[in-house]
Amino acid sequence: MGERDRVGAPDDLDTLDGALCVQSCERCPALVDSRSRIVNGVGPTDANLLFLGEGPGANEDSGGEPFIGRSGDVLDEALRAAGIVRSEVRITNCVRCRPPDNRDPTAAELANCRGYLDAEVARLDPELIVTLGKVPSEHLLDRSVAITGESGSVVDARIGGRSRRVLLSVHPAATLYDRSQRDGFFETVARAAELSGLEESTGEGQSRLGEF
Ligand code: URA
């Protein structure tokens, strides 16, 4: 394998308006066929908090941004409830192209996209990564995860050769299929605010509002 063929080699990543951006990639033939675009992460490249989903769905594939469909609505609601401003956190996915028929990404597809994710995490150097669902949780931890039971726990994972703090969460879509998961999901997002220090800045802002 030549230097240019390495997944996630610096040459694969283009810096566009300060955002880590994969502009072209043909590593996964099935995803190249099913995608209409590559969906890169959004948010500041120095965000303290990174939310990691599985891969783009139909809405993300047409809109070009992670979590802008129904799952995104739930995530947005939980962020607002936790006092987190969406534009202040980074949101990305394990794979950047929509899998056909909304199937899970295969192990090979996850591996093909891993270098991009590792490079994004290295650039961000976040305080905390929140895995949204079983697929990103298992991908980062490299073990099987019973996500409903483990949601809310904080673990260390080696990412790009460094130990990173990871908060496991159910996928926001799980709250749509099973309403009983909603409170737990919202609590986990609130915990993310606390662990990443975002809660403090929100608290400050709220108390200052009283002055006006
Ligand atoms: N589900 C995901 O895992 N990621 C998205 O971007 C949208 C839905």
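These lines cover the structure that appears in this document, whether it is placed above or below. Treat the numbers as computed from the prediction; the structure is a model and nothing was measured. (Residues numbered from 1 in each chain as written. Predicted model: local features only at pLDDT ≥ 70, side-chain atom pairs only at ≥ 80, totals over all residues. Heavy atoms only, no water.)

**Section: the side chain of S137**
Within the secondary structure, S137 is located in helix α5 (residues 134–141). For S137, a relative accessible area of 0% gives the class buried. For S137, the side chain forms a polar contact with the main-chain oxygen of G133, separated by 2.6 Å. In this structure, S137 is in contact with T131, V145, I147, L168 and S169, ignoring residues within four places of it in sequence. (Helix = DSSP H or I, 4+ residues; strand = E, 2+ residues; numbered from the N terminus. Buried < 20%, exposed > 50% of the residue type's maximum accessible area, 1.4 Å probe, protein only. Polar contact = N/O pair within 3.5 Å; in protein donor to acceptor, adjacent residues only side chain to side chain. Contact = heavy atoms within 4.5 Å.)

**Considerations on the environment of D61**
Residue position: D61 is located in helix α2 (residues 58–63). With 23 residues separating them in the primary sequence, D61 and I38 have C-alpha atoms 7.5 Å apart. Ignoring any residue separated from it by four or fewer positions in sequence, one finds D61 in contact with S34, R35, S36, R37, V39, P56 and R98.

**Comments concerning helix α8 (residues 182–195)**
Between the first and last C-alpha of α8 there are 20 Å, a value that for 14 residues agrees with the 20 Å anticipated at 1.5 Å per step. Along α8, the positions that sit buried rather than exposed are R182, F185, F186, T188, V189, A192, A193 and L195. Positive backbone phi, at 85°, marks G197, one or two positions downstream of α8. (Expected span 1.5 Å × (residues − 1).)

**Observations concerning the packing of helix α4 (residues 107–124) against α5**
For the pair α4 and α5, the least separation of the axes is 12 Å and the interaxial angle reads 75°. Judged by the inter-axis angle, α4 sits roughly perpendicular to α5. Contacts between α4 and α5 involve L110, R114 and L117 from the first element and V135, H139 and L140 from the second. Partitioned by chemical class, the residues of the contact of α4 with α5 number 4 nonpolar, 1 polar and 1 charged. (Axes fitted to C-alpha atoms, helices over the stretch in contact; angles between N-to-C directions. Parallel < 35°, antiparallel > 145°, perpendicular 65-115°, else oblique. Nonpolar A, V, L, I, M, F, W, Y, C, P; charged D, E, K, R; others polar.)

**Some remarks on the site of the ligand**
With respect to spatial proximity, the complete set of residues near the ligand consists of G53, E54, G55, E60, P66, F67, N93 and H171. Note that an oxygen atom of the ligand is positioned 2.8 Å from one of the backbone N or O atoms of E54. Taking N93, its side chain carries an N or O atom lying 2.8 Å from a nitrogen atom of the ligand. Its residues placed into classes, the shell around the ligand shows 2 nonpolar, 4 polar and 2 charged. (Near = heavy atom within 4 Å.)

**Some thoughts on the nonpolar core**
Generally speaking, nonpolar side chains in soluble globular proteins are found buried as a group. Of all hydrophobic cores here, the largest spans 51 residues; its most connected members are L49, F51, I84 and F185. The set of elements that each furnish at least two residues to this core consists of β3 (49–53), α3 (70–81), α4, β5 (128–132), α5, β6 (154–159), β7 (162–169) and α8. (Core = buried A, V, L, I, M, F, W, Y, C linked by side-chain atoms within 4.5 Å.)

**As for unusual backbone geometry**
We note that F67 has phi near 50°; this positive angle belongs to a residue other than glycine. Mapped onto the fold, F67 is located in the loop between α2 and α3. For D101, which is not glycine, the phi torsion reads 50° and is therefore positive. With respect to the secondary-structure elements, D101 resides in the loop between β4 (90–93) and α4.

**Digging into the packing of α3 against α8**
Close contact between α3 and α8 brings their axes to 8 Å; oriented N to C, the two are set at 55°. The orientation of α3 with respect to α8, classified from their angle, is oblique. Two packed elements cross with a definite hand, and for α3 against α8 that hand is right-handed. Across from V74, L75, E77, A78, L79 and A81 in α3, the residues of α8 making contact are R182, F185, F186 and V189. (Left-handed = near helix turned anticlockwise from the far one by under 90°.)

**Concerning the pairing of β7**
Summarising the sheet, β5 and β7 pair through 4 bridges and their orientation is parallel. Across the sheet, L132 pairs through a bridge with S169, a residue of β7. Here β6 pairs with β7 via 6 bridges, running antiparallel. Counted as the bridge partner of A157 is R164 from β7. Joining the antiparallel neighbours β6 and β7 is a turn of 2 residues, in which G160 adopts a positive phi near 55°. (Pairing = 2+ DSSP bridges.)

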